Amino acid sequence: MCGIVGLFLKDKTLEPELGGLLSDMLVTMTDRGPDSAGIAIYGGTEPGRVRLTVQSADPGGEFPKLAELAAAHGAAMARKDTHAVLTLPAEALPGLRAAVEAVPGLRIMSTGEAMEVYKETGLPADVVTRFGVRGMAGTHGVGHTRMATESAVTTLGAHPFSTGADQCLVHNGSLSNHNNLRRELVREGIRFETENDSEVAAAYLTARLAEGRNLGEALEGALGDLDGFYTFVVGTRDGFGVLRDPVACKPAVMAETDRYVAFGSEYRALVGLPGMDLARVWEPEPATVYFWER
Amino acid sequence: MPVFDLATTPLREFHRALHSVREGENEAFEVLNPRGAHSVAVGAMAPVHVEVRGSVGYYCAGMNEAAEITVHGSAGPGVAENMMSGRVTVKGNASQYAGATGRGGLLVIEGDAASRCGISMKGIEIVVKGSIGHMSAFMAQKGAMAVLGDAGEALGDSLYEARLYVRGSVKSLGADCIEKEMRAEHVAQLSDLLARAGVEADPASFRRYGSARKLYHFNVDHAGDY
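Residues numbered from 1 in each chain as written. Chains lettered and ligands numbered in written order. Predicted model: local features only at pLDDT ≥ 70, side-chain atom pairs only at ≥ 80, totals over all residues.

Looking at an unreviewed UniProt entry, one finds chain B named N-methylglutamate synthase subunit B, with Albimonas pacifica as its source organism.

An unreviewed UniProt entry lists chain A under the name N-methylglutamate synthase subunit A, with Albimonas pacifica as the source organism.

Put into structure tokens, the structure is as follows:
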């Protein structure tokens, strides 16, 4: 099953409320999947600076070491439960990234100018509380609550998947050609962290975006190259997209007002949003690309 | 009229009241703030009236028998699934598999219906004022469907004896579904159906689709259709 949500704000005055709105949407979808939950949130950007989100199963043991690495690379570190967000000058990222990857217990969740990814096993209500998501401001975000089918219930198997800077994907469904596609993407130089099918979809989009396509074009390509059941919600630094496979059995509802574009696996996820009474509500068409860019 | 506000009252309390109505009683209920709740007004077994003020989630009015249920909003997947009799009206749009497997009664959708509308219908009548999505009336066995708008891909795939009337375009017909002549008996049936649905439309402006009856038994010559 799985429950997915997304919110792309048009009205700047809603930005301080993004974390709260997205948390409520995700918690409402809890009974679609109890295994793990996660959120990707796009905060503001600072010129020349990037964020690196790192996770550890043993933060007490390993984050002191991470703090040393951060200090050595000129990064500010903010710890949130099992995750830490390191903010640093863009040119220092490759060095810090390599240093973090050399520590066995540390896992990189995401990089980017704006995006932070938080995900863990457990229920959405616990996950958003542990990371203080309700207090986070931002321009857009996506969330996922998982009922695992394709791979193990682990932190890395949770969604959102991030395979490129400021890129994330959440998925409801299951892909049938992910092993073949993973092999092709590995040949293109993409690295994978899991055996998960959704990570392949994320990496596919990353590869297409790296070729210079925009989000809409990348999603259009997915229609031809991905086989299986899917409703995807994806985020980029400035964009937000939705795609359903041609059979479209995985549910999806969208709402748009002059203040936001919102996505939910079910209408229930959307009812708490401000001004929903006057929103345009529709079910996204099968095999049709929807995307918004700033 | 008893009013159940789902913002403050559990859905079970409404259902307890709905299911305790006995034959011969003519009760009316109003349901407020459904906020996309699942399974609202399922399993009614008496000719009650239910007005649902807002949009509902999965399986609203499922297994309905005799009740007249109106959703003043949109409905999630499986509205009026397996309806036996009575009437369900959706003022907004309906998600996938509306009226699936229904054996009787009338389902009226005033907006659009998504994919698989009337899948495996077995006697239900469905009127959609807007358009229907792909694979609608898949394996439909009995009953009638009237669509004022357009139909998506693979209409009536593997159809048995249901009658499908579409006024707009049909993107494609499914296996063993063909266009058929609109004879006087069909105009009469459609005219009566539209009248009961409270929909004004000229029956002569519709086209009829039905089964070519070539998939009833496996035939190796049709293997490509399976």
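K.L.:
Help me understand the sheet that holds strand β3 (residues 49–56) of chain A in this model?
P.N.:
Sheet strands pair via backbone hydrogen bonds, and the direction of the pair is either parallel or antiparallel. Residue and element names in this part refer to chain A. A sheet is described by the order of its strands in space; here four strands give the open sequence β4-β5-β3-β6, paired in antiparallel fashion. In the strand order of this sheet, the two ends are held by β4 (76–80) and β6 (106–112), each with one partner. Put simply, the sheet's adjacent strands are angled 20 degrees from each other on average, direction ignored. Pairing of β3 with β6 involves six bridges; the strand directions are antiparallel. Looking at the pairing, Gln 55 lines up with Arg 107 of β6. Across the sheet, helix α2 (residues 59–72) is in contact with β3, β4, β5 (83–89) and β6; its angle to β4 comes to roughly 165 degrees. (Pairing = 2+ DSSP bridges. Helix = DSSP H or I, 4+ residues; strand = E, 2+ residues; numbered from the N terminus. Axes fitted to C-alpha atoms, helices over the stretch in contact; angles between N-to-C directions. Contact = placed C-beta atoms within 7 Å.)

K.L.:
Help me out: how do you make sense of the sheet that holds strand β1 (residues 3–9) of chain A in this one?
P.N.:
Residues and elements named next belong to chain A. Strands sit in the order β7-β2-β8-β1-β14-β13-β15 across an open sheet of seven strands; the sheet is antiparallel. The open sheet has two edge strands with one neighbour each: β7 (115–121) and β15 (280–282). Averaged over all adjacent pairs, the angle separating strand axes in this sheet is 10 degrees, with direction ignored. Here strand β2 (residues 36–42) pairs with β7 via seven bridges, running antiparallel. Residue pairing in the sheet places Ala 37 in a bridge with Glu 120 of β7. Docked against the sheet, helix α1 (residues 18–28) engages β1, β2, β8 (140–146) and β14 (260–264), running at close to 155 degrees with respect to β1.

K.L.:
Sorry, what's going on with the interface of chain B and chain A here?
P.N.:
Where interface size is quoted, it is often the accessible area lost as the parts come together. In this assembly, twelve residues from chain B lie in contact with nine residues from chain A. Tallied by class, the residues present in the side of chain B that touches chain A amount to two nonpolar, nine polar and one charged. (Nonpolar A, V, L, I, M, F, W, Y, C, P; charged D, E, K, R; others polar.)

K.L.:
Could you clarify how one ought to interpret helix α6 (residues 197–210) of chain A in this entry?
P.N.:
The periodicity of an α-helix, 3.6 residues per turn, causes residues three or four places apart in sequence to face the same way. Residues and elements named next belong to chain A. The end-to-end C-alpha distance of α6 is 20 Å, a good match for the 20 Å that 14 residues give at a rise of 1.5 Å each. Asp 197, Ser 198, Glu 199, Val 200, Ala 201, Ala 202, Ala 203, Tyr 204, Leu 205, Thr 206, Ala 207 and Leu 209 are the residues of α6 that are buried. Residues of α6 that are buried in the fold lie against β9 (161–164), β10 (167–175), α5 (178–187), α7 (215–225) and β11 (228–235). Following α6 by one or two positions, Gly 212 adopts a phi angle in the positive range, close to 100 degrees. (Expected span 1.5 Å × (residues − 1). Buried ≥ 20, exposed ≤ 12 C-beta atoms within 10 Å, placed from the backbone.)

K.L.:
Would you explain the pairing of strand β4 (residues 68–71) of chain B in this entry?
P.N.:
Each regular strand carries side chains that alternate between the two faces of the sheet. All names here are of chain B. Because side chains alternate across β4, one face comprises the buried residues Ile 69 and Val 71, and the other comprises Glu 68 and Thr 70, none of which is buried. Relative to β4, strand β3 (residues 49–53) is paired through four bridges, and the arrangement is parallel. For Val 50, the partnering residue across the bridge sits in β4 and is Ile 69. Where β4 meets strand β5 (residues 87–90), four bridges bridge the pair, whose relative direction is parallel.

K.L.:
Looking at this structure, I do not really get the UniProt feature "domain: Glutamine amidotransferase type-2" (unreviewed entry) in chain A. What am I missing?
P.N.:
Per the UniProt entry, the sites bearing "domain: Glutamine amidotransferase type-2" (unreviewed entry) are residues 2–294 of chain A in this numbering. When the span residues 2–294 of chain A is considered, its composition is 26% helix and 33% strand, and the gap between its end C-alpha atoms is 28 Å. (UniProt positions renumbered as here; feature names shortened; annotations may be inferred.)

K.L.:
I tried to follow unusual backbone geometry on my own but got confused; where do I start?
P.N.:
Most peptide bonds take the trans form, and the phi angle of most residues other than glycine is negative. The omega torsion of the bond from His 159 of chain A to Pro 160 of chain A falls at 0 degrees, within 30 degrees of zero and hence cis. If you trace the backbone, Pro 160 of chain A turns up in the loop between β8 and β9. A positive phi angle, close to 60 degrees, is found at Met 63 of chain B, a residue other than glycine. Considering the arrangement of structural elements, one finds Met 63 of chain B in the loop between β3 and β4. On the basis of neighbour counts, which here come to 18 C-beta atoms within 10 Å, the residue Met 63 of chain B falls in the partly exposed class. Positive phi is not limited to glycine here, since Ser 120 of chain B has a value of about 55 degrees. A count of 19 C-beta atoms within 10 Å places Ser 120 of chain B in the partly exposed class.

K.L.:
Mind showing me how you'd approach the nonpolar core here?
P.N.:
Side chains of nonpolar character tend, in soluble globular proteins, to be buried together. Residues Val 5, Leu 7 and Ala 201 of chain A are the most contacted members of the largest nonpolar core, which totals 86 residues. Ranked by the residues each element gives to this core, the list is headed by α6 of chain A, at eight residues. Each of domain 1 (3–43 + 120–293) and domain 2 (45–113) of chain A gives at least three residues to this core. If we ignore the near neighbours within four places in the chain, the residues touching Ala 201 of chain A are Leu 169, His 171, Leu 175, Ala 222, Leu 226, Tyr 230 and Phe 232 of chain A. Counting residues in each nonpolar core, the second largest holds 70 residues, with Phe 29, Val 31, Tyr 97 and Leu 106 of chain B among its members. (Core = buried A, V, L, I, M, F, W, Y, C linked by C-beta atoms within 7 Å. Domains from an automatic or database assignment.)

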